[in-house]
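# Notes for the structure review
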Amino acid sequence: MAKGIKPKPAAVKKQTVKKPAAKKPVKKTVKKSSVLETLGNELKSLIPKLDEEGLAFLVKQAHVHLYNMQVDALNQTIIKDAEREKKTAGKSGKTTKINNAVFSDIKISESGSGYHIRCNNQWIAFTTKEITAMVKIAKSDDPALEIQGRLFNWLLSERGDLLNTAGITSKFDDKIKVLIGLLSKNFKLKK
């Protein structure tokens with residue numbers, strides 16, 4: 001070798017370590033797609049047998065179901081976000097007033113025909129009939145958990161929008177206790 005010339009190093013191949021592939025629920029996917037395919041084929045075979053009214057009904061039901069699926073997905077996102085907030089608040093040592101800030105005020109509407117409840121800095125309108133129904137539940141002499149369950153079920157069937165806005169997911173949620181307290185404090189039942 002001549003002076004000043006260094007030999008070329010041999011090419012070194014980098015070894016790549018393969019990570020094990022993530023386990024996928026193959027059976028569920030196959031099963032879902034085959035069930036979905038079977039149901040789709042059955043629906044396709046029924047379409048020619050339906051009249052216009054029946055087909056319009058199915059289309060409407062499909063739209064309703066799609067909307068409900070979107071609402072469910074949104075609710076799951078809200079629940080996960082709330083859980084993340086609770087975890088991060090716990091780690092940082094900060095206490096948050098989530099429950100107290102959710103329901104902060106009730107006022108009568110300008111026309112006097114209903115009420116507004118302040119929920120997460122939004123005013124949500126209620127009819128007098130709705131407020132009366134909620135107050136009757138809140139002021140009953142039943143055990144607290146039963147009152148919470150009855151109010152949650154009433155809201156679920158009549159005013160799901162309030163549950164979504166407040167992020168209430170069950171009768172065990174502390175926010176429903178705050179709502180019961182707000183209703184009890186601001187209203188009296190006539191005997």
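Residues numbered from 1 in each chain as written. Predicted model: local features only at pLDDT ≥ 70, side-chain atom pairs only at ≥ 80, totals over all residues. Heavy atoms only, no water.

## A few points about the packing of helix α5 (residues 144–158) against helix α7 (residues 174–186)
Helix packing geometry: the angle between the two helix axes and the distance between the axes. Packing of α5 against α7 leaves a shortest axis separation of 10 Å and a crossing angle of 95 degrees. As far as their axial angle goes, α7 and α5 are roughly perpendicular. On α7, the residues touching Ile147, Gln148, Leu151, Phe152 and Leu155 of α5 are Ile176, Lys177, Leu179, Ile180 and Leu183. Of the residues contributing to the contact of α5 with α7, the split by class is eight nonpolar, one polar and one charged. (Axes fitted to C-alpha atoms, helices over the stretch in contact; angles between N-to-C directions. Helix = DSSP H or I, 4+ residues; strand = E, 2+ residues; numbered from the N terminus. Parallel < 35°, antiparallel > 145°, perpendicular 65-115°, else oblique. Contact = heavy atoms within 4.5 Å. Nonpolar A, V, L, I, M, F, W, Y, C, P; charged D, E, K, R; others polar.)

## Some thoughts on the side chain of Asp173
Here Asp173 is to be found in the loop between α6 (160–166) and α7. When its relative accessible area of 13% is taken as the criterion, Asp173 is described as buried. The contact partners of Asp173, leaving out residues within four places of it in the chain, are Gly167 and Ile168. (Buried < 20%, exposed > 50% of the residue type's maximum accessible area, 1.4 Å probe, protein only.)

## A few points about unusual backbone geometry
Residue Asn120 is not a glycine yet carries a positive backbone phi of 50 degrees. Assignment of secondary structure puts Asn120 in the loop between β2 (114–119) and β3 (122–127). Although it is not a glycine, Asn121 sits at a positive phi angle of roughly 65 degrees. On the secondary structure map, Asn121 appears in the loop between β2 and β3.

## Description of the packing of aromatic side chains
Under the definition given, this model contains one aromatic pair. The aromatic ring of Trp123 is capped on one face by Lys107, whose charged end is 4.4 Å from the ring centroid. (Phe/Tyr/Trp six-rings, centres within 6.5 Å; stacked < 30°, edge-to-face > 60°. Lys NZ or Arg CZ within 6 Å of the ring centre and 35° of its normal.)

## Looking at the nonpolar core
Nonpolar side chains in soluble globular proteins tend to end up buried together. Counting residues in hydrophobic clusters, the biggest one holds 29 residues, and the most contacted among them are Phe103, Ile117, Met134, Leu151, Leu155 and Leu183. Tallying contributions element by element places α7 first for this core, with six residues. (Core = buried A, V, L, I, M, F, W, Y, C linked by side-chain atoms within 4.5 Å.)

## A word on the confidence of the model for the chain
The predicted model of the chain has a mean per-residue pLDDT of 80, with 76% of residues at 70 or higher. Within the chain, the lowest mean pLDDT, 57, falls on helix α3 (residues 98–102), and the highest, 95, falls on α5. Between residues 92–99, whose pLDDT stays under 50, and residues either more than four places distant or in other chains, the model counts seven contacts. (pLDDT = per-residue confidence, 0-100.)

## Focus on the packing of helix α4 (residues 128–138) against α5
Direction vectors running N to C along α4 and α5 enclose 160 degrees, while the axes themselves pass 9 Å from each other. As judged from the angle between their axes, α4 and α5 are roughly antiparallel. Between α4 and α5 lies a crossing of right-handed hand. Residues Glu130, Ala133, Met134, Ile137 and Ala138 of α4 form the contact with α5, whose own contacting residues are Ile147, Arg150, Leu151, Trp154 and Leu155. Along the lines of polarity and charge, the residues of the contact of α4 with α5 split into eight nonpolar, no polar and two charged. (Left-handed = near helix turned anticlockwise from the far one by under 90°.)

## Some points on α5
Under the 1.5 Å per step criterion, the end-to-end length of α5 is 21 Å for 15 residues, consistent within 8% with the ideal 21 Å. Where α5 is buried, its residues contact α4, α6 and α7. (Expected span 1.5 Å × (residues − 1).)

## What about the environment of Leu182?
Along the chain, Leu182 turns up in helix α7. In contact with Leu182, other than residues within four places in its own chain, are Phe103, Ser104, Asp105, Ile106 and Ile117.

## Quick look at α7
With 13 residues, α7 ought to run about 18 Å at 1.5 Å a step, and its terminal C-alpha atoms sit 19 Å apart, in line with that. Among the residues of α7, those classed as buried are Lys175, Ile176, Val178, Leu179, Ile180, Leu182 and Leu183. The opening residue of α7, the one whose side-chain oxygen lies 3.0 Å from the backbone nitrogen of Lys175, is Asp173. (Polar contact = N/O pair within 3.5 Å; in protein donor to acceptor, adjacent residues only side chain to side chain.)

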